[in-house]
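Given next are the chains, with one letter for each unit.
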Amino acid sequence: MRLLLMPFVMTIVAIAACGSCASALGPVAPAVTPDGVRFVLAHPDARSVALAGSFNQWSTVSHPLAPTNTPGVWIAVVPLPPGEHLFMYVVNGDRWISPPLAEDYAEDGFGSRNGIVVVRSPER
Amino acid sequence: MRLKTRLRVALLLIGMTFAVPHPSLAQSVDDLRRLADDAAARGLPAAPISNKIREGLAKGVPPQRIELVVRQMTLHLENADRMVREMYPATGRPARDAAVTLLAESFGSGMTFDEVRELNRQSQASGKPPISADDLASAAKGLSFIKEAKLSVADGTGVIVEGMKQGFLSHQILDLGREVKRREGDYRTGRASLRDLRDAIARGDRPEQLFRERRVEPVERPATMRPGTAVERPNRPEAPQRPQPVERPQRPEQRQQPR
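The model shown is predicted, which means the values in this text are computed figures rather than measured ones.

What exactly am I supposed to notice about the environment of Gly115(A) here?
All names here are of chain A. Relative to the assigned elements, Gly115 resides in strand β9 (residues 113-119). With 23 C-beta atoms packed within 10 Å, Gly115 lands in the buried category. For Gly115 and Pro67, which are 48 residues apart along the polypeptide, the C-alpha to C-alpha distance reads 21 Å. Aside from chain neighbours lying at most four places away, what touches Gly115 is Phe87, Met88, Ser98, Pro99, Ala102 and Tyr105.

Take a look at the structure:
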């Protein structure tokens, strides 16, 4: 029985121990952390990735993601005020990517889907 | 007229229709900015319109297409503004702008005038003090999530109104709708029900309690752990009694061997 359970237990331990590797296992939704919202995108072909959204006037340059130690995985931690924020990723300066995973989505009216991240007020 | 000629004329007419620019559609960024200015001059919140224009331009969308989206958005803002002014004439800016923006978003998500009015009617009927414009807008937006999940609007209204009766704050009402939408599969397949949710709220469950037991992401268990497939193990035999230590005779003193 123990032998049968071992692979299952090992997988759980590996996921728990390797938070930064989570992106290698699948898409990661933006997570609210004490430092801001953590955005992670896995895109092996990207030379650059930026975050554009309702919080930065949809700028394609103001919030770049940094490459991580894992090839093809990009990350940014962005302080955002409480509320609902729409966003998309911009790959290589001009390719708009709908987030693979988000708390919710909304059609943008132009044929794409914006991701939604909700920041709850800490004092609430 | 021969068929070939008719086809040529038809193609020419179609071509002319598309070739001639529509005079009412925006041709430039300035035209779009004018739309935002017009909305602001009519007392509508301009921020969502300006943001949508910036979004469209950043995404490389042609101004004509942005204008169509902006006009639709303006229509929702006008309807929301009319409703807020009618129901809450005393609400001034900036509270009105916030309520109008949220209510317009709910209209954009498919909520109707009648559904919002019904929401307002039921919440006023609860005997509590009248709700604010912000409360109503949050309730409408919360209900719009439930409607987006294609669940019963009547049952969803019951859930939202019960939340308001129990004193849920605006952001809690929004989260209530979001949580239901996130679990839409459970509600559609009958694993969860909006009526049960309403009853739980009526019993006094707080927002943080409502979905607590389901917040943990389900982990797929291996087949050997699933109930029904578990292998029955025989009872483990009791451990044998440890024998009492045997008293051993004293070892005789070692004799030195003569060399």
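Would you take a moment to explain the environment of Pro48(B) for this structure?
Positionally, Pro48(B) belongs in helix α3 (residues 47-58). Aside from chain neighbours lying at most four places away, what touches Pro48(B) is Met73(B) and Thr101(B).

I would appreciate a short explanation of the nonpolar core in the present structure.
Within the largest apolar cluster, 46 residues are counted, with the highest numbers of intra-cluster contacts made by Ala80(B), Leu103(B), Ala139(B), Ala140(B) and Ile160(B). With eight residues, the single largest contributor to this core is helix α7 (residues 133-148) of chain B. Residue contacts for Ile160(B): discarding those within four places in its chain leaves Leu119(B), Ala139(B), Gly142(B), Leu143(B), Ile173(B), Leu176(B) and Gly177(B). Counting 23 residues, the second-largest nonpolar core is a separate cluster that includes Val28(A), Val37(A), Leu51(A) and Phe87(A).

Please clarify how unusual backbone geometry should be interpreted in this entry.
Omega for the peptide link from Arg93(B) to Pro94(B) comes to 5°, which places this bond in the cis form. With a phi close to 55°, Asn92(A) is a non-glycine residue in the positive phi region. Judged by the 12 C-beta atoms lying within 10 Å of it, Asn92(A) is exposed.

Definitions and cut-offs
Residues numbered from 1 in each chain as written. Chains lettered and ligands numbered in written order. Predicted model: local features only at pLDDT ≥ 70, side-chain atom pairs only at ≥ 80, totals over all residues. Helix = DSSP H or I, 4+ residues; strand = E, 2+ residues; numbered from the N terminus. Buried ≥ 20, exposed ≤ 12 C-beta atoms within 10 Å, placed from the backbone. Contact = placed C-beta atoms within 7 Å. Core = buried A, V, L, I, M, F, W, Y, C linked by C-beta atoms within 7 Å.

Everything listed here is a matter of geometry and, on its own, says nothing about what the molecule does.
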